[in-house]
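Spelled out, the chains give:
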Amino acid sequence: MFDTEQERNRIKNLEALKKQNIDPYPYKFSITHTIKETREKFDSLSSGKTKVKIAGRLMAIRLHGKSTFANIEDETGKIQLYFKKDSSLNYDILKLFDTGDIVGCEGTLFKTRTEEITIFVDTFNMLAKSLHPLPEKWHGLQDKEKRYRERELDLIMNPEVKEIFLMRSKIISEIRNFLDKKEFIEVETPVLQALYGGAFATPFETYYKALDRNFYLRISDELYLKKLIIGGFHKVYELGKDFRNEGLDRFHNPEFTFMELYEAYSDYNDMMTIVEKLFEHLLKEIKGSNTLEFEGKKINFKRPWKRIPFFKTIQEKTGIDFIGKERKEIFESAKSLGIEVEKQATTGKILEAIFSKIIQPDIIEPTFVIDYPKDISPLAKSKRGNDKLVERFEPIISGMEIGNAFSELNDPIEQLARFKLQQKLRDKGAFESQPLDESFLASLEIGMPPTGGLGLGIDRIVMLFTNSASIRDIILFPQLRT
RNA sequence: GGGCCGUUAACUCAGUUGGUAGAGUACUGGAUUUUUAAUCCAGGAGUCGCGAGUUCGAAUCUCGCACGGCCUACCA
């Protein structure tokens, strides 16, 4: 710490301030306006010579002998300051201020001869001394690793980053608005779980000392939320973090934000409508339009979205009807299509690999892929009229899965059979099959109404809205190696 | 997991065939009372990611490791 020349200079300035009885870290400073307000109200503030008090980070300082210009920024914008030796009360301590310092000042507004709104500073105060030099003013902070690891510096130097996270916040708040208006109740269920479930994924494990046993961080909220439907709530949702002990890439972070909702007396068709309307709402509120630009493609979200059946779509592309086919045959077909899968892959897993390789990348417009294989959907109800499929869909946009939804299986006897099938698959080596959850089965026996359930990946939605190529650009502190 | 690329001053980046480590910004000192990527003059600043090896000599060549980026695979 403090081992570079620039850091030592800042320490010297800090000590000099202290010597003049100036606290470099005072407790409070009351502003009269934000920078944005100051600019917006320039006419009335400047004509009355009204004193304004503002605060922010010193981003640039230009000394001209007996006068000095500086730029400061707060969350709302930036503004220029002007100091004059004869008029600014404490002009001489200016040389102890460095870029990066948090400062407050009081003064009146005027425009320079180039029409720039500027504060003529009467008095100024150190609010927090910065001991770390800022990155270069012109190129900013470019190094991706540093930007992710030191996001606070990234936010200071790259204004577009702030915009992304403001939009993320707005998206999440509009999702809540949308659901609240539809009378969904927001609930909180355990993150720390004795048994994980609701998705196919490897969990993070942890040890709970008081109970002397291992716990898991949740991989999904599904089973607890269904218990609430059983308990009598009609519409519930939860918006929070799930955790999956898997690889890192530009679409995956080990902790990610997911929204799950469940609605009694509904099915997966109703869930499709909710997805369509939710996106319509988000686009209207955030973009003021019905289209998005993502990775150079214009995406139109006009209702209704396309619905394409999982098996039929594969058949149209390959000429092969996989419904009801034996595993061996499916495995060979995958091979001949040039798709490699693990030896112990289940039929559903092979089919999903085929789908995600040869169909999914070409789905650009918002599309519901519907009616999935049963063995990869143990919590979904069988499809009406075709017992080999389930009523499940995934919304796909620009080749990206952004969620998952079912008509929820509510027959406890069939659910037990599905869990047992999962157990069998697990014994054959499919380690990510869903564990049998006795507690959930017991709850189902009490009776769950017909229910539609939906999960949406919030991070992926934020990627779409902010046209971000990597999940790391839309998570404030993404996981990196330590 | 595999492939390719990268890591040099606080930041953004050059660095030729292996021969004393460079620029711009930032910083320090000086000049400068409407500048705004201010300007002018002078100056300081480096574990060249880490560790081995080859060599008289390595930022540069070789090997290993770490971290990152892109692609690919896996993660339904």
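Residues numbered from 1 in each chain as written. Chains lettered and ligands numbered in written order. Predicted model: local features only at pLDDT ≥ 70, side-chain atom pairs only at ≥ 80, totals over all residues. Heavy atoms only, no water.

Undergrad: Outline the packing of helix 6 (residues 159-181) against helix 8 (residues 268-287), supporting the account with residue identities and numerical values.
TA: Packing of helix 6 against helix 8 brings their axes to within 10 Å, and their N-to-C directions diverge by 130 degrees. The angle between the axes of helix 6 and helix 8 places the two elements in the oblique class. Of the two possible hands of crossing, helix 6 and helix 8 adopt the one that is right-handed. The residues of helix 8 that touch helix 6, namely those facing M167, K170, I171, E174, I175, N177, F178 and K181, are I274, K277, L278, H281, L282, E285, I286 and K287. For the contact of helix 6 with helix 8, the residue count by class is eight nonpolar, two polar and six charged. (Axes fitted to C-alpha atoms, helices over the stretch in contact; angles between N-to-C directions. Helix = DSSP H or I, 4+ residues; strand = E, 2+ residues; numbered from the N terminus. Parallel < 35°, antiparallel > 145°, perpendicular 65-115°, else oblique. Left-handed = near helix turned anticlockwise from the far one by under 90°. Contact = heavy atoms within 4.5 Å. Nonpolar A, V, L, I, M, F, W, Y, C, P; charged D, E, K, R; others polar.)

Undergrad: Outline unusual backbone geometry, listing residues and values.
TA: Backbone torsion omega between R303 and P304 reads -10 degrees, so that peptide bond is classified as cis. Tracing the sequence through the fold places P304 in the loop between strand 13 (297-300) and strand 14 (306-309). A positive phi angle, near 50 degrees, is found at D212, a position not held by glycine. Note on placement: D212 falls in the loop between strand 8 (205-208) and strand 9 (213-217). Classification of D212 as exposed rests on a relative accessible area of 56%. Here the phi dihedral of S398 falls at roughly 50 degrees; this positive angle occurs in a residue that is not glycine. The topology assignment puts S398 in the loop between strand 17 (386-397) and strand 18 (400-401). Its relative accessible area of 11% is what places S398 among the buried residues. (Buried < 20%, exposed > 50% of the residue type's maximum accessible area, 1.4 Å probe, protein only.)

Undergrad: How would you sum up the packing of aromatic side chains? Please name residues and give values.
TA: Scanning the model with the defined rule gives 19 aromatic pairs in all. With a centroid separation of 4.9 Å and 75 degrees between ring planes, the pair formed by F368 and F393 is classed as edge-to-face. Of the two residues, F368 is situated in strand 15 (residues 367-373) and F393 in strand 17; the sequence distance between them amounts to 25 residues. Each member of the pair F368 and F393 is classed as buried. A connected cluster of aromatic rings, assembled from ring pairs, spans Y268, F279, F301, W305, F368, F393 and F465. The ring of F215 has R213 lying over it, and the distance from NZ or CZ to the ring centre is 5.4 Å. (Phe/Tyr/Trp six-rings, centres within 6.5 Å; stacked < 30°, edge-to-face > 60°. Lys NZ or Arg CZ within 6 Å of the ring centre and 35° of its normal.)

Undergrad: Tell me about the side chain of S46, and name the residues and values.
TA: Relative to the helices and strands, S46 is located in helix 3 (residues 42-47). A distance of 3.3 Å separates a polar side-chain atom of S46 from the backbone oxygen of D43. (Polar contact = N/O pair within 3.5 Å; in protein donor to acceptor, adjacent residues only side chain to side chain.)

Undergrad: Outline the sheet that holds strand 5 (residues 117-128), supporting the account with residue identities and numerical values.
TA: Judged by pairing direction, the barrel is mixed, and its five strands sit side by side in the order 1-2-3-5-4 before closing back on the first. Within this sheet the neighbouring strands show an average axis-to-axis angle of 55 degrees, counted without direction. The pairing of strand 1 (residues 52-63) with strand 2 (residues 67-74) spans six bridges and is classified as antiparallel. Each bridged residue has a counterpart across the sheet, and for L63 the counterpart in strand 2 is T68. (Pairing = 2+ DSSP bridges.)

Undergrad: Provide a residue-level description of the pattern of salt bridges, including the pertinent values.
TA: Inspection of every chain in the model, using the stated rule, returns 28 salt bridges. With its nearest N and O atoms 3.2 Å apart, the salt bridge here joins D242 to R218. Remark: R218 occurs in the loop between strand 9 and helix 7 (222-230) and D242 occurs in strand 10 (residues 235-243); sequence separation between them is 24 residues. Look at D242 and you get buried, because its relative accessible area is 0%. Here D362 and K317 are joined by a salt bridge, their closest N and O atoms 3.8 Å apart. Placement of D362 in the loop between helix 11 (347-358) and strand 15 and of K317 in helix 9 (residues 310-318) is noted, with a sequence separation of 45 residues between them. Under the relative-accessibility criterion, D362 is labelled exposed at 55%. (Salt bridge = Lys/Arg side-chain N within 4 Å of Asp/Glu carboxyl O.)

Keep in mind these values describe shape, not function.
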